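# Remarks on the overall topology
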Amino acid sequence: MKITDKNLCDIWYQALLERASEYTGVFFVGVKTTGVFCISVCRARKPKRENVEFYKDAKSALAAGFRPCKVCRPAENAHSAPLFVEQALALVRHDIKSRVADAELRQHGISPERVRRWFLQHHGITFQAFQRMQRVNVALQELKSGRTATDVALDNGYESLSGFGYTYKRLTGAAPTQTTQVIVIHRFTTTLGPMFVCATERGVCLLEFTDRRMLETEFRDIQRLFNARIVTGENSHTRQTVKEISEYFAGARRQFDLSVDAPGSDFQQSVWHELRAVPYGHTSHYQAISLRLNKPNAVRAVAAANGANRIAIVIPCHRIIGKDGAMTGYGGGISRKEWLIEHERNNVL
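Treat the numbers as computed from the prediction; the structure is a model and nothing was measured.

## Details of the UniProt feature "active site" (unreviewed entry) in the protein
Cross-referencing UniProt, the feature "active site" (unreviewed entry) maps to Cys-317 in the present numbering. Given a relative accessible area of 10%, Cys-317 falls into the buried group.

## Here's the deal with helix H11 (residues 236–249)
Here H11 contains 14 residues, and its C-alpha end-to-end distance of 20 Å stays within 8% of the 20 Å for a straight helix at 1.5 Å per residue. In the core, the buried residues of H11 are packed alongside strand S6 (182–190), strand S7 (193–199), strand S8 (204–209) and helix H15 (334–348). Measuring from the side-chain oxygen of the N-cap residue of H11 to the backbone nitrogen of His-237 gives 2.9 Å; that N-cap residue is Asn-235. Phi for Gly-251, located one or two positions after H11, is positive at around 80°.

## Points about the environment of Ile-311
With respect to the helices and strands, the residue Ile-311 is situated in the loop between helix H14 (299–307) and H15. It is 7.8 Å that separates the C-alpha atoms of Ile-311 and Val-204, two residues lying 107 residues apart in sequence. In contact with Ile-311, not counting residues within four places along its chain, are Val-204, Cys-205, Leu-206, Leu-207, Val-260 and Ala-262.

## Observations concerning the side chain of Arg-253
Checked against the element boundaries, Arg-253 lands in the loop between H11 and helix H12 (266–277). Side chain to side chain, Arg-253 and Glu-247 meet in a polar contact 2.7 Å long. Side-chain polar atoms of Arg-253 contact the backbone oxygen of Gln-255, separated by 2.8 Å. Once residues lying within four places of it in the same chain are set aside, the contact partners of Arg-253 are Lys-243, Glu-244, Glu-247, Tyr-248 and Tyr-280.

## Some words on the nonpolar core
Counting residues in hydrophobic clusters, the biggest one holds 58 residues, and the most contacted among them are Phe-54, Leu-207, Ile-245, Phe-249, Val-271, Ile-313 and Leu-340. Here this core gets five residues from one element, more than from any other, and that element is helix H1 (residues 6–18). When neighbours within four sequence positions are excluded, Phe-249 is seen to be in contact with Thr-190, Thr-191, Leu-192, Ile-313, Trp-339, Leu-340 and His-343.

## A short note on unusual backbone geometry
In this structure, Asn-227 is a non-glycine residue whose phi angle is positive, near 50°. Along the chain, Asn-227 falls in the loop between helix H10 (215–226) and strand S9 (229–232). For Asn-227, a relative accessible area of 70% corresponds to the exposed category. A positive phi angle is found at Ile-313, which is not glycine, with a value near 70°. Structurally, Ile-313 can be placed in the loop between H14 and H15.

Each value, and the rule that gives it
All residue numbers here refer to positions counted from 1 along the written sequence of the relevant chain. Totals for whole chains, interfaces and linings use every residue, but because this is a predicted model, local features are given only for residues with pLDDT of at least 70 and side-chain atom pairs only at 80 or more, for both listing and counting. The basis for the side-chain values is all heavy atoms of the structure; hydrogens and waters are excluded. UniProt positions are given in the numbering used here, feature names are shortened, and annotations may be inferred rather than shown by experiment. Throughout this description, buried means an accessible area under 20% of the type-specific maximum (1.4 Å probe, protein chains only), exposed means over 50%, and partly exposed covers the range between. Helix and strand assignments follow DSSP, with helices taken as H or I runs no shorter than four residues and strands as E runs no shorter than two, numbered in order from the N terminus. Each helix should span, by expectation, one fewer than its residue count multiplied by 1.5 Å. Contact between two residues is taken to exist if any of their heavy atoms lie within 4.5 Å; hydrogens are not considered. Two N or O atoms form a polar contact when they lie within 3.5 Å of each other; inside protein one atom must be a possible hydrogen donor and the other a possible acceptor, and for residues adjacent in sequence the pair counts only when both atoms belong to side chains. What makes a nonpolar core is a set of buried Ala, Val, Leu, Ile, Met, Phe, Trp, Tyr and Cys residues whose side-chain atoms join them at distances within 4.5 Å.

Below is the structure:
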C-alpha cells in the first residue's frame, strides 16, 4: 500500500537520511529518479524528498514498478540475512563440530572478508569466533550428558585437552570439569529487522531487537543475575522462539507457548504477568495495570517494571500506550510499536 500521509512520509524520509535501523521493514521507499526501492538503512546516495514515494511493504513497491536496490537489497535484508551469510551458516550447521576455514568458504564462492565484516557488524565478533562459541556450546551439552572432557575435546576437533580447556574457560569462565551454566544467544531476522534471543536451560531470558537502546546493559544484567556468560549458540528454547515469532509476524499466532526464564522482583513479575493478560489486538495503560494489581498509586512503579521487561513481544509491553491514546516510549522504537499494534489489530479482524 502506498502511503500518502505527508507527516508520516516526512518522518520516514528523515529516517532514510539518518539510516535509522529501527525503521527496517517498517517502510519501503521508491526512488522515482532511479526506479529502485530501498529500506531505511540503505547506504546509497540519498534522493531528494520530492523524488520518493513510501510503501508499507515490498510487494506494493514492486507492483508500482520499482525494482529492488542492489545496494541495500530490500527483498533480502528487510527480513533475512544476506544470502552469502546464510550459505556460510549452512556450512557450519552441516557439521557444527568442524571448523569452516576461509579456504572452504572460497571453494563455495563465498567471500571470507564479506562474511567477517557482516559478523563483526551484526554480532560484534568474527565468523571464526562465532564458530568457536558454537562448538563450545555443543561441548557444554555433551559434558552435561556425562561424557569426559578428553572425549569431548577430541570429538570437537581439538588436538589437546589443554587447548580445549583454555578455550572453554575463556568463553564460559569455568574449567570443563566444573559445573557451569551459560546463556546462549542467537540472532534471527523478522519483518521488523533482526532480533537477539537469549535462553538458559529453563527458558527465554531476553528477546530484543538488535538495535534496542541499552542492549549492552541488558546483556550485563542477565549475566549478573544468572551468574553465567553469554555464548553464541542455540537450544530448544531459541529454536522455538524463532518458530513462534515467525508465526506471530505472519499473523498465524496470537499467544506464545515459550518457556520464559525472566528474573525480577515480585512486583516486576506481577506487572509482567498483567502485560501478558492484555489481549492480542488490544492496548492498555499504566494506570489500568496498577488498578488490576490493587496498587492505584503505583503507576510510576508499573511504568518502571514495564520498561525493565527484557522479553519483547512475548511479554507485550508494546500494548501499553498513554491513557490519552498517545504512543509512549518503546525500547525497540516508536515506529515498531505502532507497527506491532496495527499488525495485531489487523489480524484480529
